[in-house]
Amino acid sequence: MTFFFQNLINALQWGSFYALIALGYSMVYGILMLFNFAHGDIFMVGAYIGFGVATGVTALASFGAIVLPKWLILVLTIIISMFLTSFVGMLVERLGYRPLREAPRASAAITGLMIGIILETGNLALLGAQRVRFPTLIKSETYNISGVFVTNKKIMIVVVSLMLMLALHQFVRRTKWGMAMRAMAFDFVVVPLMGVPINTIAAMTFAIGSALAAAAGILFGVAYPVLDPYMGIVFGWKAFVAAILGGRGSILGATLAGFLLGFLEIFVAMIFPSTLRDLIAYSIILLILTFRPHGFFGEPYSARLRL
Amino acid sequence: MRKSWVFIISCIVISLIFIPSAWCKTKTIKIGINAPMTGDIPKVGEGTKYAAEMWLEDVKAAGGIAVGGKKYPVKLVIEDNESKAESAVKVNTKMITEDEVLVIVGPQASKQAIPAGEVANNYKTPMISPWSTNPDTTKDRPYVFRGCFLDPFQGPVLANFIKGEFGFTKAAVLYDVASDYPKGLAEFFKQAWEKLNGPGSVVAFESFTTKDADFSSQLTKIIKSGAQVLFTPQYYNEVALIVQQAHELGWNKPIVGSDSWGSAETVQLCGKDCYGLFFSTHYAAAGAKGKTKEFIDRYNKKYGYVPDDVAALTWDSLGIVKTAIEHVGKLTGNIEKDRKNVRDAMAKVKEYDGITGKMTFTEDGDPIKCAVIVRISNKGEYEFYKSVCP
């Protein structure tokens, strides 16, 4: 039983990352009908920006002789990096996708792949191929709850991710901007004619998605403190799977699918030999998609409207 | 009339292109370095490059390599294999066919060295991999050599060490199933361990694939299996993640590694989590004597950090290459003939006294040399613990 709970906790942490990144995919896909394949690399950029901010804030704190507790540095790092990375997202939208808005969808998807490669190799050129160690912002403490080992980091990661997801949900449900986004997701052609500024909404979608990816990147750095320029590729693919599985543009769907992916990967490895982990986990997802081609919460007609 | 002019002119142009290069070839000895400058293990590539540049400095200071009383200048062709098998093959093919190198040093990791060795052997170009410990690299390839011991030797060394040091009987293994080196070594360790402690004594044999960052489910399984020690023959970037996650999941028993831990970056990435752990390797920097110390000090002064085993093995491999070229007797200028002569000379090298120990090649092109067990000290240094000879 402890074995099961231990894996449950591991899966919660692992799923949080997929869910956070999948949200960015899902929003862009839902609102602009666009596969933003560069999103995994924005996650990587976010992690690196977080690394830079964390190092900078720590240095500033020690210079200015202000005593900042470590958790405050972490909170500051998350907020500042989310802010900075959202500009990276807007830049990607402005330079990469906006000029191609009228182009065939395939061209836009290819653009995403190219932007991803540019971000990876740009990072390689800027910082070199050396691995970077993410600074230790919170001291790892392990709690032993009758045989199940939980660290303060794991709790923090799951709580922060859930808070961000809830905040996004509230934003989309309660604000005027959120309403504009939902309307845009409903109809891409008519809604702009009603006076909803498509460029602003597109930029905002990218900004929010990238900010979430940055948060995921920093939390990832806290849990797995080795960063490298290619860390976003496979992660991006898998989060993309979660976004599709969740259903187009559905926040709840992307969140649930992200956690489902995490659970599948961890529990498949728990039962079967770990070599077969991805083989079995993704075969199951293929099976789910066969029976629910629009994902958990996707609406069949919305796809027809656009294409 | 006009056509014949065109023909004559193009003849002249073509011969102008080819003659000087043919004429240059006899003058310079080109040595190819096939190294992972980018990709998964860039620190390994850096060590390779730095050691090679230091070696070239010495050769230049001596006026080149002396063959048959004549000094030939040396040029290094350093190419990046991106830490990928297919790129390593491409790099070798390019260096052999376009750059016309005499000898190739590298690739380092078995994942690249095994396929790249095939190319070198097919083109009959001598190649020496300083760091590849998988037997397949040199097996049935007369033109391929290596500068280090083999995994079938390293596996039993580690099994014996753990048994002798701690007296454990149950071990767990965690390795990357998609990479030749960890996969090979994990299996050799398993064989050796089960020979010592009987079948079923490897209680967990878990794997993952390259680029994975989360090992929690494998580690949870390993902890549940009741293993007394975890063996993980991984590269330094994964070591940091595995060790930290194991500790966070409540594992407080020893973790033992192999020579891939020996990079200068392991401790930097892993931090305090790695202190007190053991691994087997080719040489220990802390407490070195004689010319090993000389090499370490010089490298440290020049590049600002203590060289890892890759740098030391690359240094020795280049030393062997130099000795072999000196013993050829005469460079004919025919690159194919020279390559064969260098290979034959290399196979005959006896008791080469390198900084990682004395080396004599077996028929397969593998040196017979000792392994060292290193303990990561509480200051993060690699301390000599024990020497194990075949």
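Residues numbered from 1 in each chain as written. Chains lettered and ligands numbered in written order. Predicted model: local features only at pLDDT ≥ 70, side-chain atom pairs only at ≥ 80, totals over all residues. Heavy atoms only, no water.

Caption draft 1: Summary view of unusual backbone geometry. That bond from Gly106 of chain B to Pro107 of chain B is cis: its omega, -10 degrees, falls within 30 degrees of zero. With respect to the secondary-structure elements, Pro107 of chain B resides in the loop between β5 (103-105) and α4 (110-122). Of note, the phi angle at Met33 of chain A is positive, near 55 degrees, even though the residue is not glycine. Here Met33 of chain A lies in the loop between α1 (2-32) and α2 (39-63). A residue is classified by how much of its surface remains accessible, and Met33 of chain A, at 10% relative accessible area, is buried. Despite not being glycine, Glu351 of chain B has its phi angle at roughly 50 degrees, a positive value. Relative to the helices and strands, Glu351 of chain B is located in the loop between α12 (335-347) and β13 (352-354). (Helix = DSSP H or I, 4+ residues; strand = E, 2+ residues; numbered from the N terminus. Buried < 20%, exposed > 50% of the residue type's maximum accessible area, 1.4 Å probe, protein only.)

Caption draft 2: Up close: the packing of α1 of chain A against helix α9 (residues 232-246) of chain A. Residue and element names in this part refer to chain A. For the pair α1 and α9, interaxial distance at closest approach is 7 Å and the crossing angle is 65 degrees. Judged on the interaxial angle alone, α9 and α1 are roughly perpendicular. Considering how the two elements wind past one another, α1 and α9 form a crossing that is right-handed. Only Phe235, Gly236, Trp237, Lys238, Ala239, Phe240, Ala242, Ala243 and Ile244 of α9 make contact with α1, whose side of the interface consists of Trp14, Phe17, Tyr18, Ile21, Ala22, Tyr25, Ser26 and Tyr29. Split into classes, the residues belonging to the contact of α1 with α9 amount to 14 nonpolar, 2 polar and 1 charged. (Axes fitted to C-alpha atoms, helices over the stretch in contact; angles between N-to-C directions. Parallel < 35°, antiparallel > 145°, perpendicular 65-115°, else oblique. Left-handed = near helix turned anticlockwise from the far one by under 90°. Contact = heavy atoms within 4.5 Å. Nonpolar A, V, L, I, M, F, W, Y, C, P; charged D, E, K, R; others polar.)

Caption draft 3: How the structure looks around the state of the cysteines. Residue and element names in this part refer to chain B. Going through the model one piece at a time under the given rule, you end up with 1 disulfide over all chains. There is a disulfide in this structure between Cys270 and Cys274, and the S-S distance comes to 2.1 Å. Because the torsion about its S-S bond is 85 degrees, the bridge between Cys270 and Cys274 counts as right-handed. Cys270 gets classed as buried once you look at its relative accessible area, which sits at 2%. Its relative accessible area of 0% is what places Cys274 among the buried residues. Not engaged in a disulfide, the cysteine Cys148 finds its nearest cysteine sulfur in Cys370; these two sulfurs lie 14 Å apart. (Disulfide = S-S within 2.5 Å.)

Caption draft 4: Representation of a nonpolar patch on the surface in the model. All names here are of chain A. A contiguous nonpolar surface patch, about 430 Å² in accessible area, is contributed by Leu76, Ile80, Phe83, Leu84 and Phe87. Tracing the sequence through the fold places Phe83 in helix α3 (residues 70-97). For Phe83, a relative accessible area of 52% corresponds to the exposed category. (Patch = residues over 30% accessible without salt bridge, like charges linked within 9 Å, V, L, I, M, F, W, Y side chains within 5 Å. Areas by Shrake-Rupley, 256 points an atom, 1.4 Å probe, with all protein chains shown as cover. Salt bridge = Lys/Arg side-chain N within 4 Å of Asp/Glu carboxyl O.)

Caption draft 5: Spatial organisation of the pairing of strand β8 (residues 171-176) of chain B. Residue and element names in this part refer to chain B. Most of β8 sits out of view: 6 of its 6 residues are buried. One ladder, built from 6 bridges, connects β8 with strand β9 (residues 202-208); its direction is parallel. Within β9, the residue paired with Leu174 across the bridge is Glu206. Between β8 and its parallel partner β9, the chain crosses via helix α6 (residues 180-197), and the hand of that crossover is right-handed. Where β8 and strand β10 (residues 229-231) come together, 3 bridges link them in parallel fashion. Paired with Val173 across the strands is Phe231, a residue of β10. (Pairing = 2+ DSSP bridges. Right-handed = clockwise from strand over helix to strand, strands pointing away.)

Caption draft 6: Structural view of the nonpolar core. Residues Phe17 and Phe220 of chain A together with Phe189, Leu219 and Leu230 of chain B are the most contacted members of the largest nonpolar core, which totals 159 residues. For this core, the element with the highest residue contribution is helix α8 (residues 198-223) of chain A, accounting for 17 residues. Inspection of this core shows a minimum of three residues originating in each of domain 1 (8-149 + 289-369) and domain 2 (151-281) of chain B. With near-sequence residues (within four places) excluded, Phe220 of chain A lies in contact with Trp14, Phe17, Phe43, Pro225, Met231 and Phe235 of chain A together with Ala213 of chain B. (Core = buried A, V, L, I, M, F, W, Y, C linked by side-chain atoms within 4.5 Å. Domains from an automatic or database assignment.)

Caption draft 7: Quick look at the side chain of Gln244 of chain B. Within the secondary structure, Gln244 of chain B sits in helix α8 (residues 236-248). A residue is classified by how much of its surface remains accessible, and Gln244 of chain B, at 7% relative accessible area, is buried. When neighbours within four sequence positions are excluded, Gln244 of chain B is seen to be in contact with Lys153, Ala223 and Pro225 of chain A together with Asp273 of chain B.

Caption draft 8: Layout of the confidence of the model for chain B. Put simply, chain B has an average pLDDT of 88, and 95% of its residues get 70 or more. Here residues 22-26 of chain B scores under 50 on pLDDT; set against residues more than four positions off or in separate chains, the count is 3 contacts. (pLDDT = per-residue confidence, 0-100.)

Caption draft 9: How the structure looks around the packing of helix α2 (residues 42-61) of chain B against helix α10 (residues 290-303) of chain B. Residue and element names in this part refer to chain B. In the contact formed by α2 and α10, the axes pass within 11 Å of each other and the chain directions differ by 105 degrees. Judged by the angle between their axes, α2 and α10 are roughly perpendicular. Taking contact as the criterion, the partners of Glu46, Gly47, Tyr50, Ala51, Glu53, Met54, Glu57 and Asp58 in α2 are, on α10, Phe295, Arg298, Tyr299, Lys302 and Tyr303. Residues belonging to the contact of α2 with α10 are distributed by class as follows: 6 nonpolar, 1 polar and 6 charged.

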